[in-house]
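As a plain string of letters, each chain reads:
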2 protein chains.
Amino acid sequence: MPARLLPALALTLLAVTLHPAQAAPRTSAEILAASSAADWRRPDPDNLLRMQLHAGRPPILIELAPAFAPKHVANIRALAREHYFDGLAVVREQDNYVAQWGDPDAEDAGKQKPMKSALRSLPAEFARAIAGLAITPLKDGDVYAPAVGHVQGFPVASSRRLGKAWLAHCYAMVGAGRGDTADSGSGAELYAVIGHAPRHLDRNVTLVGRVLQGIDQLASLPRGTGPLGFYETAAERAPIQTVRLASELPADQRPAVEVLRTDTATWSEYVEARRTRREDWFIEKTGRIELCNVPIPVRVPKSTEP
Amino acid sequence: MPARLLPALALTLLAVTLHPAQAAPRTSAEILAASSAADWRRPDPDNLLRMQLHAGRPPILIELAPAFAPKHVANIRALAREHYFDGLAVVREQDNYVAQWGDPDAEDAGKQKPMKSALRSLPAEFARAIAGLAITPLKDGDVYAPAVGHVQGFPVASSRRLGKAWLAHCYAMVGAGRGDTADSGSGAELYAVIGHAPRHLDRNVTLVGRVLQGIDQLASLPRGTGPLGFYETAAERAPIQTVRLASELPADQRPAVEVLRTDTATWSEYVEARRTRREDWFIEKTGRIELCNVPIPVRVPKSTEP
């Protein structure tokens, strides 16, 4: 047992001794405060994108999910390595739905930004085999899927009957925009969920990852006034300065972001605390939690921010 | 049957005649386009708030729900009539949670804005008797409540065992902030949901209504950097120019906003279309819809916007 948990354990034992009926379960904040280094993980730098929208603001950090979308992740890595996204823009901002970024001229073969090694379309990766996945189940049920839970820091839905699992469209999840056909996406046009989870998109679009930091920057942009929330003029778009794969950066410039592991006793205790809302403010303790209402904690040591 | 539906009906009959197996159900857009005047209602002007944040932008319109929070609605009407909100501000903007507005000095008895006839605290109205409510049920289930549906344009959860019904914290719902005790709210401090539905707040705060128009203005404000997303300086706050009850305005200045009725055959067909996503783009037709993913359509004739 990690050393940092000992003081909290000692206090708990004391409480049990003194007030056996009143030993209060910990709140989620208390659980996180007492977590150990082993409860957290650093994303693989090959799975970590650093997107800089505005100079002087913290970068937006996105963790990619190759376990669910290996082809798209490989292509996004290729796009980042060739600096494809640099100088592109957030082109769409639809309220209670998505922020979307990519090449404003993507539909114009004469003007679109060239790609070097990356591909312009890929087979869909809407779902994968459930076999081989260690899903931490969430017991509260779900309107959209037979089962839900978490895998490696991502919200996941699954069906034993189908033998499939897929990433779920929770807030801050990132997907690969596509056209009318399943295999028309590539990862060159990405979106992040900025509203109530549009779970009807599950298994209709390839999800590729999750915004770990900076979703607020994407969610607070002015809404586009064109159809589907696309900006109507170039001036409205939010320019992207750079997108870099962390593994391409010098070691001392790699974001030191950490994500709470979702396969530990600490995680399970944390979810239970979020479910039962032990804070005094809550009068009606819900006792239930929906997949997209489970925040997946992220921490960034201050020294890594510009 | 309203006249405007006839062409669509005629087309449907034709399709049935020619291709009996292929008569396509209508999409939600087609259903709304073919709706009749009787499918829509104008909110009672005593239940309609017009909040002006920025000059030159459309006003934010909020429909109050006296069937669920009669005391809070009466107090909010009193606050609006005494122009209490004029010159106050959005004081909190927490990402994926709420925008909150009121008196920045509310906690300081020496500096707080005086009230004339309005009250500073009210008994909680977290839930009401289910008896007397005509709930249009939503059959898809819910993680948080035994039953869900819609009443008079609002998302509602209920429990027959408890004999209670309550408004649900979906996107754009408006609630009355409170302190640590259940009866510490009044409607003088209001918040709107700007992220994934925080349903754990259901029955913990009094919900008072829903933003019909302009939630995008509240959702796209910069996020506050203080604890709980409160702005740390006065300069960051978004000032409120005016809040008026529509019934206080001259008849020709009352917003002509209309809301789709939630107790009609058109509503039921619309929800079914949202559930099954008949648009060709959707490859996996979900066949399920969660309460807060049912958009409640609002239309505003262009001539009423400034």
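Scroll up for the structure.
Because the structure is a prediction, the values reported are computed rather than measured.

Student: Before we move on, can you summarise the overall build of chain A with the specific residues and values?
Tutor: A tally of regular secondary structure across chain A gives five helices and 17 strands. The C-alpha atoms of chain A give 21 Å as radius of gyration, which agrees with the globular expectation for 306 residues (19 Å, within 12%). Each principal axis of the C-alpha atoms in chain A carries an extent, and together these give about 75 × 45 × 35 Å. For chain A, the proportion of its 306 residues judged to be buried stands at 55%.

Student: Provide a residue-level description of the interface of chain B and chain A, including the pertinent values.
Tutor: Taken together, the 41 residues of chain B in the interface contact 40 residues of chain A. For the chain B and chain A pair, buried surface summed over both sides reaches about 3,600 Å², with 55% attributable to carbon and sulfur atoms. If you sort the residues of chain B by the area they bury against chain A, Val143, His196 and Trp281 of chain B come out on top, with a joint share of 22%. Between chain B and chain A we count two salt bridges in total. For Glu284 of chain A, the salt bridge goes to Arg203 of chain B, with nearest N and O atoms at 3.6 Å. At the boundary of chain B and chain A, one finds 23 residue pairs in polar contact (both at pLDDT 80 or more). Partitioned by chemical class, the residues of the side of chain B that touches chain A number 18 nonpolar, 10 polar and 13 charged.

Student: Tell me about the sheet that holds strand β13 (residues 206-213) of chain B, and name the residues and values.
Tutor: Residues and elements named next belong to chain B. With antiparallel pairing, the nine strands of this open sheet are ordered in space as β14-β4-β5-β12-β11-β13-β3-β2-β15. Both edges of this open sheet fall to β14 (238-239) and β15 (242-245), since each of them pairs with a single strand only. Where strand β5 (residues 98-102) and strand β12 (residues 190-193) come together, four bridges link them in antiparallel fashion. Note that in β12 the partner of Trp101 across the bridge is Leu190.

Student: A description of the side chain of Gln52 of chain A should follow, citing residues and the corresponding values.
Tutor: All names here are of chain A. By the element assignment, Gln52 lies in strand β2 (residues 48-52). At 2.8 Å, the side chain of Gln52 and the backbone oxygen of Arg57 are in polar contact. Those residues within four positions of Gln52 in sequence are excluded, and the remaining contacts are Arg57, Pro58, Pro59, Ile240, Gln241 and Thr242.

Student: Describe in detail the packing of aromatic side chains, supporting the description with residues and values.
Tutor: Remark: the centre distance and the inter-plane angle together describe each pair of aromatic rings, the angle taken between the planes. Under the criterion given, the structure shown has six aromatic pairs over all chains. Plain terms: the ring middles of Trp281 of chain A and Phe282 of chain A are 5.1 Å apart, the flat faces sit at 85° to each other, and that makes the pair edge-to-face. Judged by relative accessible area, Trp281 of chain A falls into the partly exposed class, the value being 22%. Arranged with centres 5.4 Å apart and planes meeting at 75°, the rings of Tyr84 of chain B and Phe85 of chain B form a pair that is edge-to-face. The class for Tyr84 of chain B is buried, based on a relative accessible area of 2%. Judged by its relative accessible area of 1%, Phe85 of chain B falls in the buried class. Positioned above the aromatic ring of Tyr84 of chain A, the side-chain terminus of Lys113 of chain A is 5.8 Å from the ring centre. Positioned above the aromatic ring of Trp40 of chain A, the side-chain terminus of Arg299 of chain A is 4.1 Å from the ring centre.

Student: Tell me what's going on with unusual backbone geometry, and back it up with residues and numbers.
Tutor: Of note, the phi angle at Gln152 of chain A is positive, near 50°, even though the residue is not glycine. The residue Gln152 of chain A is located in the loop between β8 (147-151) and β9 (154-159) in this model. You can call Gln152 of chain A partly exposed: its relative accessible area is 48%. Phi is positive for His83 of chain B, close to 60°, though the residue is something other than glycine. Relative to the helices and strands, His83 of chain B is located in the loop between α3 (70-81) and β4 (89-94).

Student: Break down the state of the cysteines for me, with residues and values.
Tutor: Residues and elements named next belong to chain A. A full pass over the atoms with the stated rule returns two disulfides over all chains. A disulfide bridge connects Cys170 with Cys292, and the sulfur atoms are separated by 2.0 Å. As the torsion about the S-S bond is roughly -70°, the Cys170-Cys292 disulfide counts as left-handed. Linking Cys170 in the loop between β10 (164-167) and β11 (173-176) with Cys292 in the loop between α5 (265-276) and β17 (298-299), this pair joins segments that are 122 residues apart in sequence. The buried category is assigned to Cys170, whose relative accessible area is 4%. Judged by its relative accessible area of 9%, Cys292 is buried.

Student: Explain the pattern of salt bridges to me, and be specific about the residues and the numbers.
Tutor: Under the definition given, this model contains 36 salt bridges over all chains. Across the salt bridge formed by Arg81 of chain A and Glu248 of chain A, the nearest N and O atoms sit 3.4 Å from each other. Note that Arg81 of chain A is positioned in helix α3 (residues 70-81) and Glu248 of chain A in the loop between β15 (242-245) and β16 (258-260), a separation of 167 residues in sequence. Between Lys111 of chain B and Asp105 of chain B there is a salt bridge, with its nearest N and O atoms 3.7 Å apart. One network of salt bridges, with partners in common, ties together Arg42, Glu258 and Arg299 of chain A.

Student: So what about empty space enclosed by the protein? Which residues, and what values?
Tutor: According to the stated counting rule, one finds eight cavities of 30 Å³ or more in the structure shown. In terms of lining, the largest cavity is formed by 15 residues, of which the most central are Val143 and Glu290 of chain A together with Val143, His196 and Glu290 of chain B. In terms of residue class, the lining of the largest cavity is made up of six nonpolar, three polar and six charged. Of the voids in this model, the second largest cavity is the one considered here, and its volume is about 80 Å³. What lines the second largest cavity is Glu284, Lys285 and Thr286 of chain A together with Tyr144, Ala145, Trp166, Arg199, Asp202 and Arg203 of chain B. In terms of residue class, the lining of the second largest cavity is built from three nonpolar, one polar and five charged.

Calculation rules
- Here the residue numbering is sequential within each chain, running from 1 through the sequence in written order.
- To read the labels, note that chains go from A and ligands from 1, taken in the order they are written.
- Only residues with pLDDT of 70 or above have their local features reported here, since the model is predicted, and side-chain atom pairs are shown and tallied only from 80 upward, although totals for entire chains, interfaces and linings are computed over all residues.
- Excluded from the side-chain calculations are hydrogens and water; all other atoms, namely the structure's heavy atoms, are used.
- Starting at the N terminus, helices and strands are each numbered in turn, a helix being any DSSP run of H or I of at least four residues and a strand any DSSP run of E of at least two.
- In this treatment the radius of gyration is a C-alpha quantity, and the globule benchmark scales as 2.2 Å times the residue count to the 0.38 power.
- To sort residues, take the accessible area from a 1.4 Å probe on protein chains only and compare it with the maximum for the residue type: under 20% means buried, over 50% means exposed, and anything in between is partly exposed.
- The contact criterion used is simple: two residues touch if any of their non-hydrogen atoms lie within 4.5 Å.
- Accessible area that two parts lose when put together, evaluated with a 1.4 Å probe and summed over both, is termed the buried area.
- By salt bridge we mean one thing: a side-chain nitrogen of Lys or Arg within 4 Å of a carboxyl oxygen of Asp or Glu.
- For the purposes of these results, a polar contact is taken to be a pair of N or O atoms within 3.5 Å, where, inside protein, one atom must be able to donate a hydrogen and its partner to accept one; residues adjacent in sequence count only when each atom of the pair is a side-chain atom.
- Each residue gets one label: Ala, Val, Leu, Ile, Met, Phe, Trp, Tyr, Cys and Pro are nonpolar, Asp, Glu, Lys and Arg are charged, and the others, such as Gly, are polar.
- Paired strands are those between which DSSP finds at least two bridges.
- Planes of paired rings set the category: under 30 degrees apart is stacked, over 60 is edge-to-face and the rest tilted, where pairs are Phe, Tyr or Trp rings (Trp by its six-membered ring) whose centres lie within 6.5 Å.
- In this scheme, Lys NZ or Arg CZ marks a charge over a ring once it lies within 6 Å of the ring centre and within 35 degrees of the ring normal.
- Two cysteine sulfurs form a disulfide in these notes if their separation is within 2.5 Å.
- A 1.4 Å probe that fits but cannot get out identifies a cavity on a 1 Å grid over protein atoms alone, an open set with protein on both sides within 12 Å along at least five of seven lines counts as a pocket, and a residue lines either if it has an atom within 4 Å of a point.
- Grid points are joined across faces, edges and corners, and a volume is the space filled by probe spheres set on the points.

Geometric values such as these leave the question of function open.
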